[in-house]
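An overview of the molecular structure
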Amino acid sequence: MARTLPISDPETLAIAIEALRRGEAIAVATETVYGLAADATNPDAVTAIYEAKGRPRFNPLIAHVADIEMAKAHVDFSPLAERLAEAFWPGPLTLVLPLKPSAKIHPLATAGLETAAVRMPQGFARDLIAAFGRPLAAPSANRSGRVSPTTAKHVADDLGERIKLILDGGPCRVGVESTILAVMDGVLHLLRPGGVPVEAIEDIAGMTVKRPVPQSGDAVIAPGMLASHYAPESALRLNASTVRPGEAIIRFGGKRLAGEAEARVVMDLSPSGDLNEAAANLFDFLKRADAAGATGIAVAPVPMHGLGEAINDRLSRAAAPRD
Ligand code: TXA
Ligand code: MG
């Protein structure tokens, strides 16, 4: 069973660095979701991530950096990419940029692509990377296909038997994964909506962000975009306005649904209608709904602006038909 150490504990950083030097994959809190982090330059360490998650190796990982200089050692920044990094780093924005020939990020981490996804996280995760001195590859710390973890307990429940160390930073502030943006020839392509709203990116860039995902041959551009990702165990019903008996209800903005007395449990993502609060609660509520022994999960409509785009994206994937 994994050991959980609070990030506030003065010994935690040194213990974590030792584990990373040994090539282990360790779980660490970030402002978005918990990541399963390992040395991005060490093929054995990167392999440990794929194995613990049961993740297909064609699905590349984000390389997390401590500062722009560390990122620039591995990828090329256009002036536009640099402007976005300056505006949103550290924070929940991942940039997909061309790999440099001299890059030390291992091809296993990029799945052999000619680009790499890079992000600078906030807080302890960033301090850890700075102290380690190399980029950390880190997908969300869940088994492949499952809902991302936003607490140390979520990680322990899902991966506790497969990893040795969890660095507990409490509940994640943002609660949904980073926004992934490909910056190609001066054009911005949204690969995954996330913790930075598209409107905020467009404000800084002074241009429109292109959706949907560009298709380049058979290459997987952002496999996190595949349907039936982020799946809870129970069947999920979207845009619900009424309750079916025994369902777990996830509503928004304090709006009651018809027949709530018949529900197994009723949760409100944000009674005051705050989309940031809703994002922070989303994955925890999906897990609670799963644990409630309900006949299914029904979710009320959530507005599409701000973090609502990321929330609706995760909900529609969670509701997608499964194989
Ligand atoms: O907030 C986050 O982004 C979290 C925390 C831990 O930082 N990480 C995360 O990683 O969500 P993951 O592996 O669950 O999602 C990364 C996504 C995947 O969909 C992957 O396909 C895409 O990034 N990706 C990675 N490298 C890419 C590349 N070179 N080009 C396009 N997409 C890429
Ligand atoms: Mg993930």
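In this numbering scheme, every chain counts its residues from 1 along its sequence in written order. A letter from A marks each chain and a number from 1 marks each ligand, given out in the order of writing. A pLDDT threshold of at least 70 governs which residues receive local features in this predicted model, and a stricter bar of 80 or more applies before side-chain atom pairs are shown or counted, although totals over entire chains, interfaces and linings include all residues. Side-chain measures were taken over the full set of non-hydrogen atoms in the model, leaving aside hydrogen atoms and water.

1. A word on the side chain of Thr30
Under the scheme used here, helices are H or I runs from DSSP no shorter than 4 residues and strands are E runs no shorter than 2 residues, and both carry numbers assigned from the N terminus. Mapped onto the secondary structure, Thr30 falls in the loop between strand E2 (26–28) and strand E3 (35–39). Polar side-chain contacts of Thr30 include one of 2.9 Å to the side chain of Thr32. Engagement of the side chain of Thr30 in a polar contact is seen with the backbone oxygen of Val33, the distance being 2.8 Å. Polar contacts, as used here, are pairs of N or O atoms within 3.5 Å; protein pairs need one atom able to donate a hydrogen and one able to accept it. Residues neighboring in sequence count only if both atoms are side-chain atoms.

2. Here's the deal with the pattern of salt bridges
We define a salt bridge as a contact between a side-chain nitrogen of Lys or Arg and a carboxyl oxygen of Asp or Glu at a distance within 4 Å. Going through the model one piece at a time under the given rule, you end up with 18 salt bridges. Between Arg143 and Asp158 there is a salt bridge, and its shortest N-O distance comes to 3.6 Å. Here Arg143 is found in the loop between strand E7 (136–137) and helix H7 (152–159), whereas its partner Asp158 is found in helix H7, with 15 residues between them in sequence. Exposure is judged per residue with a 1.4 Å probe applied to protein chains only, and the accessible area is read against the type maximum: over 50% gives exposed, under 20% gives buried, and values in between give partly exposed. Accessibility expressed as a relative area gives 6% for Asp158, which makes it buried. For the salt bridge of Arg314 with Asp313, the shortest nitrogen-to-oxygen distance reads 2.6 Å.

3. Describing empty space enclosed by the protein
Of the two site types, the cavity is a set of points on a 1 Å grid over the protein atoms alone where a 1.4 Å probe fits but cannot get out, and the pocket is an open set with protein on both sides within 12 Å along at least five of seven lines, each lined by residues with an atom within 4 Å of a point. Grid points are joined across faces, edges and corners, and a volume is the space filled by probe spheres set on the points. With the rule as written, the count across this model stands at one cavity of 30 Å³ or more. Counted as a void, the largest cavity has a volume near 40 Å³. What lines the largest cavity is Val28, Thr30, Ala37, His64, Pro121, Ala125, Ile129, Leu136 and Ala138. Residue polarity is assigned by list, with Asp, Glu, Lys and Arg as charged and Ala, Val, Leu, Ile, Met, Phe, Trp, Tyr, Cys and Pro as nonpolar; anything else, Gly included, falls into the polar class. Here the lining of the largest cavity is built from residues that sort into seven nonpolar, two polar and no charged.

Take it as geometry only, folks, not as evidence of what the structure does.
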